[in-house]
Amino acid sequence: MKKNIIYILLTAIILSSCGDDLDTTILINFSHHVDNQAISSDSLDHTNEAGENYNVKTLKYILSDIKLLANKTEILLKDIHYVDINDESTLFFQTDVIDNGSYILQFTFGLDSTNNVSNNYVNESFHATMSWPEMMGGGYHYMKLEGAYGNDSTFYNTHTGPTMGMNHSFIHLNQDLNINVDNDIGNLEYNISMNINNWYSNPHTVNLAPAIMMNMTKQMQLMQNGMTDVFSIQGILD
Amino acid sequence: MYKGAIKVLICMLLFSCKKDLPIIEGCTDINASNWSYEANYDDGSCVYEYQATPYQITTPYGFPDMVIPSDNQLTVEGIALGKKLFNDPILSADNTLSCSGCHMKNNSFADNTKFSVGIDNIEGLRNASAIINPGWNTSFNWDGSSNTLEEQAFEPVTNPIEMHDTWINVENKLNNDSSYLLLFKNAFNIDYIDSIHVVKAIAQFERTLISVNSRYDKWRKQELQLNASELNGFALFNTEKGDCFHCHGTEMFMDNTFHNNGLDSIQTLYLGADLGLANVTNDPEDIAKFKTPTLRNIEFTAPYMHDGRFSTLEEVIEHYNSGGNYSLTVDPLMKNIGVGLQLTNTEKQDLINFLKALSDYDFINNNKR
């Protein structure tokens, strides 16, 4: 009898030592498109709801407070992430190890007014390129979306940010997609996707324009369009 | 009886634990070059390797922390040596041209001629960049061909249209100079002078060329008031009316990146105009892009642009006011090509007056530099 117990215990120890859980991390990618088209930076291949033909030469933006939410839990994935479509190193980040659970993803587009203060991020790579003059409220641009429209030499600058200190950042909460972290399954990969055309439609039809940083109406409209359907999140299967 | 035995045992245990250590004399300081791990009594014999005096940069308001290479930390002796080298024509083949020959202090370490002239009387192809707050630049030269100040300092010495020397020759000259041998010993603790330590010293000096004491800076610190014209210029600068801030924003007045600001048309680029960043990256998307210079001390650094094509600030403002030329890589920030900002004459003058408020006279007059 005593011998049997020892055998059982030994077997249990050996079996449990073979089944080490994997540490699960999540790879978050950023992708960008215009409806069903890849971004065109040369010819005016894209058409917005207002019927304007345009291209995309510059797209830089800041996401902040990127986190996973679960019942009574939230896990901060990254405080701030800066995306520049012309810099591949900004088009992804890897999270730390995440505990098992079912989560939904949330982030803030831009920086909320508490954090969006001039010189608050002097050591971040975006400090010089994204700063928003104090004259117009101070802090940092949320987004710089630029290109040509109408003809090759007329440019639009869709720059969003804290016009006169007004907070036009918004929270994107993706309730449609559960991110299931299971250490038995292993690492996960998700894609945060931006449909650029949706900045200019739903609910507001927004025309392209060269200078909108002080245009409170356009900033509000872009914020509301952004909240509606600019961003989506997809899981990527191996 | 039993209790007595226990007491004896305890005493034996206590005494057996304590063993008198022999005194071993030597150097007990781990930082000394002759530190002895056996020594337990410092006999005052510690010998320390020579270390130059550390120098601390004070980060100006609104600037990032300066990134200094770990193998070239600033020292008082290194900076002084760099200054001497910067001003010494010994770096050129015929001992006639120093770094300061093209980067003149009175011009905020820029050249007041369109193109600098090398020792063989050959003109360069670009206007010599101003050296101001270079410790916060992430690339150097108009086309970004150098990534560090050390790397940048290597190039002019051997450039055939600049100093036209060889590094072997420069090293020989310096090693035959007893004063330099001593200065390099003091700065880097080396007995043989090589090119690596020459550029390290120059880079150290350049990192101290910090200018943040203009009337604008004093206004920011509420030490003085800018006049109405300067303030209007500031407002134009920092709104989309003048739209200078997108490339020349923050307290650094530059964005550490590259733009095509519409200087050349497709035709002139086709006919052989300078391709800028594309010469380095070989990427057609980078054609005619040049590094954004800081606008601090812009009053001192004429002529302007990579090729010194504009002699005055008025000409620069007029370029933006009329909108520049279209080419495939022109920056979308040049919103209306051929149309421009359409500022009034008064607004243009206000903008220039603000730009002149960025002049730091202390920077060019201070003998420490």
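All values reported here derive from a predicted model rather than from experimental measurement.

Broken down by element type, chain B carries 14 helices and four strands. Computed over C-alpha atoms, the radius of gyration of chain B comes to 29 Å, more than 25% over the 21 Å expected from 2.2 N^0.38 for 369 residues, which places it beyond the range of a compact globule. C-alpha atoms of chain B, sized along the principal axes, occupy 110 × 55 × 40 Å. Looking at chain B residue by residue over its 369 residues, the buried ones come to 43%.

What follows concerns the interface of chain B and chain A. Frequently, the measure chosen for interface size is the accessible area that the parts lose on association. Across the contact, 23 residues belong to chain B and 24 residues belong to chain A. Looking at the side of chain B that touches chain A residue by residue, the classes come out as 10 nonpolar, nine polar and four charged.

This next bit is on the nonpolar core. Core analysis: the largest hydrophobic core is formed by 40 residues, its most contacted members being Tyr-61, Ile-62, Tyr-140 and Trp-199 of chain A. Listing elements by their share of this core, those giving two or more residues are strand E1 (26-33), strand E4 (58-70), strand E5 (73-84), strand E7 (101-109), strand E8 (143-149), strand E10 (170-181), strand E11 (188-195) and helix H3 (216-230) of chain A. Take this core: its biggest share by element is six residues, from E4 of chain A. Those residues in contact with Trp-199 of chain A that sit more than four places away from it in its chain are Leu-145, Thr-158, Val-206, Leu-222, Asn-225, Gly-226 and Val-230 of chain A. Listed in part, the 27 residues of the second largest apolar core include Cys-99, Val-157, Leu-174 and Leu-183 of chain B.

A separate point is the confidence of the model for chain A. Mean pLDDT over chain A: 91, with 91% of residues reaching 70 or higher. In the model of chain A, helix H1 (residues 2-18) of chain A stands out as the element of lowest mean pLDDT, 55, in contrast to strand E6 (residues 92-94) of chain A, which has the highest, 98.

The next subject is the environment of Tyr-320 of chain B. Residues and elements named next belong to chain B. Turning to its location among the elements, Tyr-320 is positioned in helix H12 (residues 313-322). With 57 residues separating them in the primary sequence, Tyr-320 and Leu-263 have C-alpha atoms 9.5 Å apart. Apart from residues no more than four positions distant in its own chain, Tyr-320 is found in contact with Gly-340 and Leu-341.

Turning to the sheet that holds strand E12 (residues 231-235) of chain A, a few remarks are in order. Within a beta sheet, neighbouring strands are joined by backbone hydrogen bonds and run either parallel or antiparallel to one another. Residues and elements named next belong to chain A. Strand order across the open sheet formed by four strands is E6-E1-E11-E12, with mixed pairing between neighbours. If you trace the sheet from one side to the other, it starts and ends with E6 and E12, each paired once. Strand-to-strand, the axes of this sheet are offset by a mean angle of 20 degrees, without reference to chain direction.

The next subject is the environment of Val-67 of chain B. Residue and element names in this part refer to chain B. Secondary-structure assignment places Val-67 in the loop between strand E2 (41-42) and helix H2 (76-86). On the basis of neighbour count, Val-67 is assigned to the partly exposed category, with 13 C-beta atoms found within 10 Å. Along the primary structure Val-67 and Asn-137 are separated by 70 residues, whereas in three dimensions their C-alpha atoms are 9.3 Å apart.

Helical periodicity: at 3.6 residues per turn, an α-helix aligns residues three or four positions apart in one direction. All names here are of chain B. Those residues of helix H8 (residues 228-237) that fall on the buried side of the exposure criterion are Glu-230, Gly-233, Phe-234, Leu-236 and Phe-237. The buried residues of H8 occupy an angular sector of 165 degrees when the element is viewed end-on, so they sit on one face. Buried residues along H8 sit in contact with helix H9 (245-248) and helix H13 (345-356).

Once that is clear, we can look at the pairing of E11 of chain A. All names here are of chain A. As judged from the eight bridges shared by E1 and E11, these two strands associate in the parallel manner. Bridge pairing links Ser-31 to Ser-193 in E11. Judged from the five bridges that link them, E11 and E12 form a sheet pairing that is antiparallel. Bridge assignment links Ile-192 to a residue of E12, and that residue is Ile-233.

Rules and cut-offs
Residues numbered from 1 in each chain as written. Chains lettered and ligands numbered in written order. Predicted model: local features only at pLDDT ≥ 70, side-chain atom pairs only at ≥ 80, totals over all residues. Helix = DSSP H or I, 4+ residues; strand = E, 2+ residues; numbered from the N terminus. Rg over C-alpha atoms; globule rule 2.2 N^0.38 Å. Buried ≥ 20, exposed ≤ 12 C-beta atoms within 10 Å, placed from the backbone. Contact = placed C-beta atoms within 7 Å. Nonpolar A, V, L, I, M, F, W, Y, C, P; charged D, E, K, R; others polar. Core = buried A, V, L, I, M, F, W, Y, C linked by C-beta atoms within 7 Å. pLDDT = per-residue confidence, 0-100. Pairing = 2+ DSSP bridges. Axes fitted to C-alpha atoms, helices over the stretch in contact; angles between N-to-C directions. Arc of directions from axis to C-beta.

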